[in-house]
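# A look at the structure
The lines below spell out each chain.
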Amino acid sequence: MVVSDVPDGVTGESNDGADEVSVLVAYRHDVHKARGRSHEHAAEWFRDVPVNESVPVHADRDAALLSRPRGRPADTLPAHESQRRVPLLAGEQSLLDDVGDADAALYELVAMESPAALHEAWLDASVPALFSESVYYPATSLKYHTVLVAALLDNYRAGHAFEELWLAVTSHGPGEAATVVPHRTVLTTPWFALHVTGEPGEWPAARLGDVPAQSFADVWARLPNHPFDVDGQRWWRVLDAQLRRIRSWSTALQYIEAVTTALNTDESATPVAGWSA
Amino acid sequence: MTRVQQLLFSMDSPYLGHPYFVTGHALYSALARRVDAVTRQSIAVSHGVFLPQAYGSPVEGTASVRPGAKLGSSLPDVESYADLFLFRDAAHRWVSASRPRDVTNTHPLQRYRDRVAFADSALVSRPTGTQGTARRVSWAAQCYVHVGDDASADVLPLDEAVLDGLRVGGSRNYGFGELSLLDSQVIALDELEYSRLRAADDYRLELVTPYVLASQFPGADGQDVPWWWDVQGRAASGGLRRRATRLVDGADVYDLQTVDHGQTVPYAGDNSVETAKNGVTRVGTHSRYGFGELRVRPADTDRVPERAEGRARGEI
């Protein structure tokens, strides 16, 4: 059995050299999972781009702990052979199947040299959302794991320890662009955005807690404001209710993406028509 | 001597009601037409929390579970105060990690024309290309009933025949929202173990259900945030999250302003055990219909058990 990722083990990460390594490494560190390769057998290059490098200051370990259990994957878990993500929202599968050349799309997501542009490309990406971050936890999302690694790395390098981090929320009007903070915005939707940051400023925000854990439901429930109109539309209350259940961060962020994508693409499902019952 | 009767129902059909809970008012209304006048006037009903019937084990409290038994198909014994809350938090942190927990505990949704219902069960499939078959996860709802005044304490326990087959939520005359009784047990709050609370010095309050600040309901009082909630420290991060909701009583709809559930505040009172008991029988306006349910938690415990695990391993 190949254990391809061990959140609490010695993974070769180092606290040294944090400043020298570009945040680009965060976006490139796990792309082998989407290409069907284990960490050990992953290529070190994706065409001309170095990939599968260690992420400094434990950002990868801590992001993993936000989304899946610590320790070696339990032996009782059936070893799934597929890195494909299991969707939590019925109907999401048809959206998932509609991708073109996955390898070309993945290359785009590692090749950009502008860190800010790469961050935005990941927020908009659909191909890494096809994959889980671990074969043992098939509802997790490789896309949001990667985005969380970058957010933690960026915060850590700015001097914020984990216990100083917040989940902050912003909302925006129809047709307006989402508020994006480079590397710290972890999700954008047509209506709101979520950020993991040590500097929430005036935004509604809740602390993540003193140690990384599968704490999404807890943190979400403690926010001083939710970023959508829960009192206006039943759909938002349904989503809110689900987010108080989901503990894994990458799973929760992916679920929000799935629900808001469905609301945005299905005419009969838009929040302004029909869902108020 | 306050007793509560815990009730566990299986969902027998999809549910089209309030998304967070089956409200205490919906459950009360369904019960009221089946019981006598004395019972109708004396019972108070909590909100019903949805849960998956799944394997797992409690992460706090003293409840023991028969090995190999699914939780959520019966009510575990309640010996300590913490045991009361096993099924009261939608995150259901007792769900076993040996299966994908978030798959198990995300309530499956079904569409009926333009409406979204919570399904009574769902097939959980494995990833494509892997072996094994799909398994079915059935859903349940847990609530509890108590009696406001000691004089009519003997109306509990409610008879199983009264409790079985309640219908709640929208389109219930068309087969939605059917609940059948799985289990029932009566608990005396004064006989529970509170030593974990007594041993602590600092506490946090968890709002298990919304707390009503204002209600349009005739004769209902407005309420301030209680003095024993220490909300000063929250001002910097935006204060308490408030919500507008509604109480539907037959054809009448009353607007409510609430402090939303799920939030936590430091406890500023000086009698944690008494507050704990009062939090079970609930505080504030419309407490009879499920609002104002509180849990008192020692400040050195965390509702996310993995945090304690991480602290123990020094992952700070």
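This text gives an overview of the structure that appears in the document. (Residues numbered from 1 in each chain as written. Chains lettered and ligands numbered in written order. Predicted model: local features only at pLDDT ≥ 70, side-chain atom pairs only at ≥ 80, totals over all residues. Heavy atoms only, no water.)

## Here's the deal with the overall build of chain A
Let me state the cut-off plainly: A run of H or I in DSSP becomes a helix once it reaches four residues, and a run of E becomes a strand once it reaches two; helices and strands are each numbered from the N terminus. Partly exposed residues are those whose accessible area sits between 20% and 50% of the maximum for their type, while under 20% is buried and over 50% is exposed, using a 1.4 Å probe and protein chains only. Residue burial considers only the protein chains on display, and all accessible areas are found by Shrake-Rupley using a 1.4 Å probe.
When helices and strands are counted, chain A shows 10 helices and 6 strands. Considering chain A as a whole, with its 277 residues, one finds that 61% of them fall into the buried category. By element, 50% of the accessible surface of chain A is carried by carbon and sulfur atoms, the whole surface being about 10100 Å².

## A few points about the overall build of chain B
Note the threshold: The globule rule is 2.2 Å times the number of residues to the power 0.38, and the radius of gyration it is compared with is taken over C-alpha atoms. The contact criterion used throughout is that any non-hydrogen atoms of two residues lie within 4.5 Å. Think of it this way: Lys and Arg go in the positive column, Asp and Glu in the negative one, and His and the chain ends go nowhere. Positions of charges follow a simple convention, taking NZ of Lys, CZ of Arg, CG of Asp or CD of Glu.
The number of helices and strands found in chain B is 7 helices and 15 strands. Relative to the compact-globule value of 20 Å for 316 residues, chain B shows a C-alpha radius of gyration of 20 Å, a close match. When the backbone C-alpha atoms are referred to their principal axes, chain B occupies close to 55 × 55 × 40 Å. Counting every position in chain B, which comprises 316 residues, the buried fraction comes to 57%. A separation of at least 24 residues holds for 72% of the contacts in chain B among residues at least 6 apart in sequence. Looking at chain B as shown, the accessible area adds up to about 13500 Å², and 45% of this sits on carbon and sulfur atoms. Chain B carries 35 positive and 39 negative side-chain charges, and their two centres are separated by 8 Å.

## Section: the sheet that holds strand 15 (residues 294–298) of chain B
All names here are of chain B. The criterion, for reference: Between any two strands, pairing holds if DSSP finds at least two bridges. Helix axes are fitted to C-alpha atoms over the stretch in contact, other axes to C-alpha atoms as well, and angles between N-to-C directions run from 0 to 180 degrees.
Taken together, 3 strands build an open sheet; the order of strands is 14-10-15 and the sheet is antiparallel. The sheet is open, and its two borders are formed by strand 14 (264–266) and strand 15, each paired with just one other strand. The sheet shows a mean angle of 30° between the axes of neighbouring strands, direction not considered. Inspection of the sheet shows strand 10 (residues 203–207) paired to strand 14 by 3 bridges, in the antiparallel sense. Residue pairing for strand 14: Leu205 is matched across the bridge by Val265.

## Side note on the packing of aromatic side chains
To describe a pair of aromatic rings, you give the distance between the ring centres and the angle between the ring planes. Stated precisely, the cut-off is as follows: Ring pairs are drawn from Phe, Tyr and Trp, using the six-membered ring of Trp, whenever the two centres fall within 6.5 Å, and their geometry is named by plane angle: stacked under 30 degrees, edge-to-face over 60, tilted for the rest. Only when the NZ atom of a Lys or the CZ atom of an Arg is both within 6 Å of the ring centre and within 35 degrees of the ring normal do we say a charge sits over the ring.
Applying the stated criterion across every chain, the model contains 22 aromatic pairs over all chains. Ring centres of Tyr28 of chain B and Tyr289 of chain B lie 5.4 Å apart, and the angle between their planes is 65°; on these two criteria the pair is classed as edge-to-face. Linking Tyr28 of chain B in helix 1 (residues 24–32) with Tyr289 of chain B in the loop between helix 6 (272–281) and strand 15, this pair joins segments that are 261 residues apart in sequence. Tyr289 of chain B shares its class with Tyr28 of chain B; the two are buried. Following the ring pairs from residue to residue traces out a cluster consisting of Trp191, Phe192, Phe216, Trp220, Phe228, Trp236 and Trp249 of chain A. For the cation-ring pair, Arg35 of chain A lies above Phe46 of chain A, with the distance from its terminal atom to the ring centre recorded as 3.6 Å. In this structure, Lys277 of chain B packs its charged tip against the face of Tyr194 of chain B, placed 5.2 Å from the ring centre.

## Focus on the pairing of strand 3 (residues 166–171) of chain A
Looking down a regular strand, the side chains alternate between one sheet face and the other. Residue and element names in this part refer to chain A. Among the 6 residues that make up strand 3, 5 are buried, leaving the element largely enclosed by the rest of the structure. In this sheet, strand 5 (residues 192–197) lies alongside strand 3 in antiparallel orientation, the contact comprising 6 bridges. Looking at the pairing, Leu167 lines up with Val196 of strand 5. Direction of pairing for strand 3 relative to strand 6 (residues 205–207): antiparallel, over a ladder of 3 bridges. Bridging from a neighbouring strand, Trp166 pairs with Arg207 of strand 6.

## Side note on the interface of chain A and chain B
Under the convention used in this document: Buried area is calculated as the accessible area (1.4 Å probe) missing from two parts once they are joined, with the contributions of both summed. Basic side-chain nitrogens of Lys or Arg form a salt bridge, by our definition, when they fall within 4 Å of a carboxyl oxygen of Asp or Glu.
Between chain A and chain B, the residue contacts involve 60 residues of the former and 57 residues of the latter. Regarding the contact of chain A and chain B, the summed buried area is about 4900 Å², with carbon and sulfur atoms giving 51% of it. If you look at where chain A meets chain B, you find 7 salt bridges. When the shortest N-O distance is used, the salt bridge between Arg244 of chain A and Asp260 of chain B registers 2.6 Å.

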